[in-house]
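Residues per chain are reported as follows:
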Amino acid sequence: MISAASSPTPNFVYATPRERLSGLVDQFCELLPPSAHQYSYQLQALGLPVAADDGVVIGSGYLNGQLIYLAAQDGRFMGGSVGEIHGAKMLGLCRLALQERPAALVLLGDSGGVRLQEANAGLLAIAELLRAVLEVRAAGIPVLMLIGGQRGCFGGMGLVAHCANAIVMSPNARLGMSGPEVIASACGRAEYDPADQAQIMATTGAQHRLEQGDVLQLVSGQIEDFRAVLPELIQRYSSGAALTLITCLDEHQLLRQRLQSALLSEQLAATPVTAHTLQDDPLLQVLLNFKAYDWQLRGDAQLVHGELSIAAKRWTLIALRQHAVIGVELAWQMANLVLAAIQRQPHRPLLLLIDTAGQRLRRQEEMLGLPRFMAHLAKCLQLARLADIPLLALIYDQALSGAIVATGMMADQCYALEAAQIHVMAAPAVASITGMSVDRVRTLNGHDPGFAPGVTHYWAMGGIDAIWSQPTAELLLQALLRRSNADCRTWLGLQRGGRSLAQHIADAVLSSAKRNE
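Our subject in this report is the structure included herewith. (Residues numbered from 1 in each chain as written. Predicted model: local features only at pLDDT ≥ 70, side-chain atom pairs only at ≥ 80, totals over all residues. Heavy atoms only, no water.)

For the coordinates displayed, the defined rule picks out one cavity of 30 Å³ or more. Of the pockets and cavities examined, the largest cavity occupies roughly 30 Å³. Around the largest cavity sit E84, G87, A88, L91, A125, E128, T490, R499 and A502, which together line it. Those elements that place two or more of their residues in the lining of the largest cavity are α3 (84-100) and α4 (119-138). For the lining of the largest cavity, the residue count by class is four nonpolar, two polar and three charged. (1 Å grid on protein atoms, 1.4 Å probe; cavity = no way out; pocket = protein on both sides within 12 Å on 5 of 7 lines; lining within 4 Å. Points joined across faces, edges and corners; volume = space filled by probe spheres on them. Helix = DSSP H or I, 4+ residues; strand = E, 2+ residues; numbered from the N terminus. Nonpolar A, V, L, I, M, F, W, Y, C, P; charged D, E, K, R; others polar.)

The structure is reproduced here in structure tokens:
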């Protein structure tokens, strides 16, 4: 057990995770400390440095006599990125919060997102954490995100941040989805220059996010200033932590106004969609294999929506097609469809058909707050699950990065066709961020289960419930009968042998808490 230091605490940005946590609460007690030696097998296999805490510190402490659970990412190790162990520790803390019901769960984000050296496990860890944070909120426990580290909060952790009740940042912190290096590798430095600090802060900086309304408050970079805002925030959200239809509708309207101010369209395409208009599109073959009939569908080149019948049951359909790229407009439109289903067809099953090339890599998307739009979509899907709307997803072509986390991986169950592809990021972008050569990345993509795209790896890791050779109405109805609200992905990964550590680490968090009682 570590007591809060009596000497002045260091500046947040330069402090270690343990210094930050000890300064935020009294009697900070770490769960799974470094003596537990949780080393990443994947990093060792690649000959990369490892850390005994895998870049995240978790534990508990007291603030004004109230029990608080906390997690602090370490941006100094692998950029605070989320791998199997890192994600499992945070997931275990969320599960512990659901059991012990602290006054709040406080997350200190300092991360570039998924750890690309553990890309597949990292992506699943983000998906699990996203749902777990929303489940903590559903239990009436406030979730607060503090961002003041050098890395900021990006990628999947940007989604997690926007699933919290409130975000507090220091003036020099940043919050976004894709960093300038990723966008520049895809679109060139003329689109987004990683060396232009003024442009970066104008795009993802704390002041910009505050003016947008994505951040509740800015505080100075001192740890005690972050601590000072916590009691009021805990009190504010203690009776309103849960995700509700009203909170989702309020956020939906705010984001709609943001689209309109940017002269972007929130209107859904009204063009009727038929078998003829889908000619030569893989989506058509999926619908035919399901023996879908009585279509009432509309859409455009990226999104098809409406209702249809499969095996004498009426379904709501939301389908991404032609490698759809999810930007702020498409994320809002999909959220709009989910909210409409919740309000108008509260008992009808919702089928997500997924073919996406990931999130849109443009500076304008970052300026408009793409992670908030995508997190809003994830929250709407979680609200549908909470409303007991059966939610099934099928990846029928490809699925990349945060786009699959905010869509298919939010479903009760996610299935994939055997010819589909799932992966995190294109090889040149991975090479740019990790420092590996493009050839090295492509070699790893060819054989390393931590890197390699393909649904078999995600099935083995528990991220895909089953792989179908062809979609059929019978398989879909069986999936509907098997649906469960419980998130069993870490357990499935252990049983199938694809993720041997995640379930053990999450369980160890609970055991460590009992030993510290």
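Here the focus is the layout of surface pockets. By volume, the largest pocket is sized at about 1,000 Å³. What lines the largest pocket is a set of 46 residues, and nearest its centre among them are G112, L116, V182, M425 and I433. Those elements that provide at least two residues to the lining of the largest pocket are α4, α5 (156-161), α6 (180-187), α7 (197-204), β14 (356-359), α15 (401-405) and α16 (427-434). In the lining of the largest pocket, the residues fall into 24 nonpolar, 17 polar and five charged. What the second largest pocket holds in volume is close to 510 Å³. Lining the second largest pocket we find 21 residues, and of these A164, N165, E251, R372 and K379 sit closest to its centre. Contributing elements (two or more residues each) for the lining of the second largest pocket: β6 (166-169), α10 (245-261) and α14 (370-386). The biggest single contributor to the lining of the second largest pocket is α10, with five residues. Of the residues in the lining of the second largest pocket, the class split is ten nonpolar, five polar and six charged.

As a further point, take the sheet that holds strand β2 (residues 56-63). The mixed open sheet is built from seven strands, whose spatial order is β1-β2-β3-β4-β5-β6-β7. With partners counted over all chains shown, the strands left at the sheet margins are β1 (26-31) and β7 (217-218), one partner each. Pairing geometry for β1 and β2, over four bridges, is antiparallel. Residue pairing for β2: E30 is matched across the bridge by G59. (Pairing = 2+ DSSP bridges.)

Turning to the packing of aromatic side chains, a few remarks are in order. Under the definition given, this model contains two aromatic pairs. Relative to W468, the ring of Y415 has its centre 4.8 Å away and its plane inclined at 25°; by these criteria the two rings are stacked. Taken together, the residues span a long stretch of sequence, with Y415 in strand β17 (residues 413-417) and W468 in strand β19 (residues 466-468) at a distance of 53 residues. You'll find Y415 and W468 in the same group, each marked buried. (Phe/Tyr/Trp six-rings, centres within 6.5 Å; stacked < 30°, edge-to-face > 60°. Buried < 20%, exposed > 50% of the residue type's maximum accessible area, 1.4 Å probe, protein only.)

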